[in-house]
Amino acid sequence: MKTIKGPAIFLAQFMGDQAPFNNLKNICAWAAGLGYKGIQVPSWDIRCIDLQKAAESKTYCDEIKGIVNAAGLEISELTSHLQGQLVASHAAYDSAFDVFAPAAVHNNPQARTEWATQQLIFAAKASENLALTAHATFSGALLWHTVYPWPQRKAGSVKDGFAELAKRWTPILNAFDQAGVDLCYEIHPGEDLHDGITFERFLKAANNHPRAHILYDPSHFVLQQLNYLDYIDIYHQHIKMFHVKDAEFNPSGRSGVYGGYQDWIDRPGRFRSLGDGQVNFKAIFSKLAQYDFPGWAVLEWECCLKHPEDGAREGASFIKNHIIRVADRAFDDFAG
């Protein structure tokens, strides 16, 4: 049996222009001071890492690891959510998602997709150079605008959409396979991979690619009203990454799952700091321990109420207190 590694913290929501959040060395010292043992690094943030340089230079990767290790931390994984979003993006989202890419490819969806694909290939090699075993991303969305089908979808459009999604991702998955790294899609509303069924559709379309796996985040399942504990039972063999994020869902007679276009603070489904929401983390950590989850428990902080620094401070102890040190013998061995 394996004891989950952690606590770790995803840096994306904390990076900023003021110390200690303005560079990798400073934010590592801050995270270590809160009790974190690992950091998850957003590959799009140059204040943390130069992704292309990390793909091309093992020496540079050793320097990055040296900065992290000097603070008493490890890198849990790299992430490429923003770039992954652009591997497959429906035209309806072009203007919204251009901001994720360099200005040189704005208003040019084909060039933007090519840039995003190259970014993911860089991420595979960078992960290998950093001796990491998993990487997180988004699938992108070719079909999300049809999730509530009115007018009804054209016959065969879902099959065609997943075939195209798999076509775009297969060369990337092959690059991750060559690097010896699992590519973990965060199962997330707004993405074509947003629940179990859609992950299965993608896996089938990608010929059960051995590197196609899951980043498990129960908060997104609370907002969808999906059974997040059953999900672990069904997909535990594919769960290679874990975001520890809380949420709550309090529907009313005025608004439910879709939220009425309201701001986050007024929506029935809201992300919350750890311990402030409705997620049963004791059961989640138990199931992940039962199934020998091989990775890190990583705080992803998002909350519409609490200050992020308070959420980070409380999150470190919350995760530490939920990690189960697995037994090294059966409890009834004494009777043997």
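Just above, that's the structure.
Residues numbered from 1 in each chain as written. Predicted model: local features only at pLDDT ≥ 70, side-chain atom pairs only at ≥ 80, totals over all residues. Heavy atoms only, no water.

Draft legend 1. Local environment of the environment of Glu114. Checked against the element boundaries, Glu114 lands in helix H6 (residues 109–129). Counting along the chain gives 27 residues from Glu114 to Val87, while the straight-line C-alpha distance between them is 7.6 Å. (Helix = DSSP H or I, 4+ residues; strand = E, 2+ residues; numbered from the N terminus.)

Draft legend 2. Quick peek at the nonpolar core. Membership of the largest hydrophobic core comes to 97 residues, with the highest contact counts inside it found for Ile9, Ile39, Trp169, Phe202, Tyr216 and Ile284. In terms of residues, this core owes the most to one element, helix H7 (residues 157–179), which gives 10 residues. Leave out the neighbours within four places in its chain, and Ile39 touches Ala8, Ile9, Leu11, Leu24, Cys28, Ala31, Val68, Leu73, Glu74, Ile75, Ser76 and Glu77. Residues Ala134, Ala136, Leu215 and Met241 belong to the second largest nonpolar core, which totals five residues. (Core = buried A, V, L, I, M, F, W, Y, C linked by side-chain atoms within 4.5 Å. Buried < 20%, exposed > 50% of the residue type's maximum accessible area, 1.4 Å probe, protein only. Contact = heavy atoms within 4.5 Å.)

Draft legend 3. Broad picture of the pattern of salt bridges. Inspection of the entire model under this criterion finds 19 salt bridges. Across the salt bridge formed by Asp94 and Arg112, the nearest N and O atoms sit 2.8 Å from each other. In this pair, Asp94 sits in helix H5 (residues 94–97) while Arg112 sits in helix H6, placing the two residues 18 residues apart along the sequence. Residue Asp94 shares its accessibility class with Arg112, and that shared class is buried. A salt bridge links Lys245 to Glu302, with the nearest nitrogen and oxygen atoms 2.9 Å apart. (Salt bridge = Lys/Arg side-chain N within 4 Å of Asp/Glu carboxyl O.)

Draft legend 4. Representation of a positive patch on the surface in the model. A cluster of basic residues, Arg153, Lys159, Arg201 and Lys204, forms a positive patch on the protein surface. In this fold, Lys159 is placed in helix H7. Classification of Lys159 as exposed rests on a relative accessible area of 69%. (Patch = residues over 30% accessible without salt bridge, like charges linked within 9 Å, V, L, I, M, F, W, Y side chains within 5 Å. Areas by Shrake-Rupley, 256 points an atom, 1.4 Å probe, with all protein chains shown as cover. Lys, Arg positive; Asp, Glu negative; His and termini not counted. Charge placed at Lys NZ, Arg CZ, Asp CG, Glu CD.)

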